[in-house]
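# Fold and contact review
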Amino acid sequence: VLLNFGILSSDDDRGDLSTRIKQIANEAEVVATRIYGKGMSLREQQDRMWKEQTTSIFDLETMEIDAESRGETAPWANADNDDILPGFDASGKMRIGGN
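Treat the numbers as computed from the prediction; the structure is a model and nothing was measured.

### With respect to the pattern of salt bridges
- The final tally for this structure, using the stated rule, is three salt bridges.
- For Glu-44, the salt bridge identified is with Lys-38, shortest N-O distance 3.9 Å.
- Overall, Lys-38 belongs to the exposed group, its relative accessible area being 65%.
- Here Arg-48 makes a salt bridge to Glu-52, at a shortest N to O gap of 3.0 Å. Placement of both Arg-48 and Glu-52 in helix 3 (residues 42-52) is noted, with a separation of four residues, approximately one turn of the helix.
- For Arg-48, a relative accessible area of 43% puts it in the partly exposed group.
- Assessed through its relative accessible area of 46%, Glu-52 is described here as partly exposed.

Set out below in structure tokens:
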């Protein structure tokens, strides 16, 4: 929006579109931080996963490679490699019930 319309000015005291969008983004960031807390760096996320003994995406990748080397398939692996989530069809609509 800023690239296409950021230079548009307005006649009121709220400022141009660019200023108003930045103000909304700043307010949204404050609200999100109040709800979810401060964001973490990649290092902080890895440290948290280690402390809480959760699994990182890198661990999942290693598990998937190990399973493939044993001739097995990880439960989350998609043998068809078609990026279609279970329960959804090729158009991305959720399948309910039978076929």
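Following the structure, the description resumes.
### Focus: helix 2 (residues 17-36)
- Compared with the 28 Å implied by 1.5 Å per residue over 20 residues, the 28 Å span of helix 2 between its first and last C-alpha is a close match.
- Taken from the residues just after helix 2, Gly-37 is the one with a positive phi, measuring 90 degrees.

### Here we look at the environment of Glu-61
- Take Glu-61: it is sitting in helix 4 (residues 57-69).
- When its relative accessible area of 46% is taken as the criterion, Glu-61 is described as partly exposed.
- Through-space distance from the C-alpha of Glu-61 to that of Ala-74 is 9.7 Å; in sequence the pair is 13 residues apart.

### Quick word on a nonpolar patch on the surface
- A surface patch of nonpolar side chains, about 380 Å² in accessible area, is lined by Val-31, Ile-35 and Tyr-36.
- The exposure class of Val-31 is partly exposed, given its relative accessible area of 44%.

Cut-off values and rules
Within each chain, residues carry numbers counting from 1 in the order of the written sequence. At least 70 in pLDDT is required for a residue's local features to be given in this predicted model, at least 80 for side-chain atom pairs to be given and counted, and no such filter applies to totals for whole chains, interfaces and linings, which use all residues. Based on all heavy atoms of the structure, the side-chain values leave hydrogens and waters out of the count. Whenever Lys or Arg places a side-chain nitrogen within 4 Å of a carboxyl oxygen from Asp or Glu, that contact is recorded as a salt bridge. The buried label applies to any residue whose accessible area, calculated with a 1.4 Å probe on protein chains only, is under 20% of its type's maximum; exposed applies above 50%, and partly exposed to all values in between. In this text, helices come from DSSP runs of H or I with a minimum length of four residues, and strands from runs of E with a minimum of two, each type numbered from the N-terminal end. Multiply 1.5 Å by the residue count of a helix minus one, and that product is the helix's expected span. Patches were defined on residues exceeding 30% relative accessible area and lacking a salt bridge, with like-charge contacts within 9 Å and nonpolar side-chain contacts (Val, Leu, Ile, Met, Phe, Trp, Tyr) within 5 Å. Accessible surface is estimated by sampling points in the Shrake-Rupley manner with a 1.4 Å probe; for residues, cover comes only from the protein chains shown.

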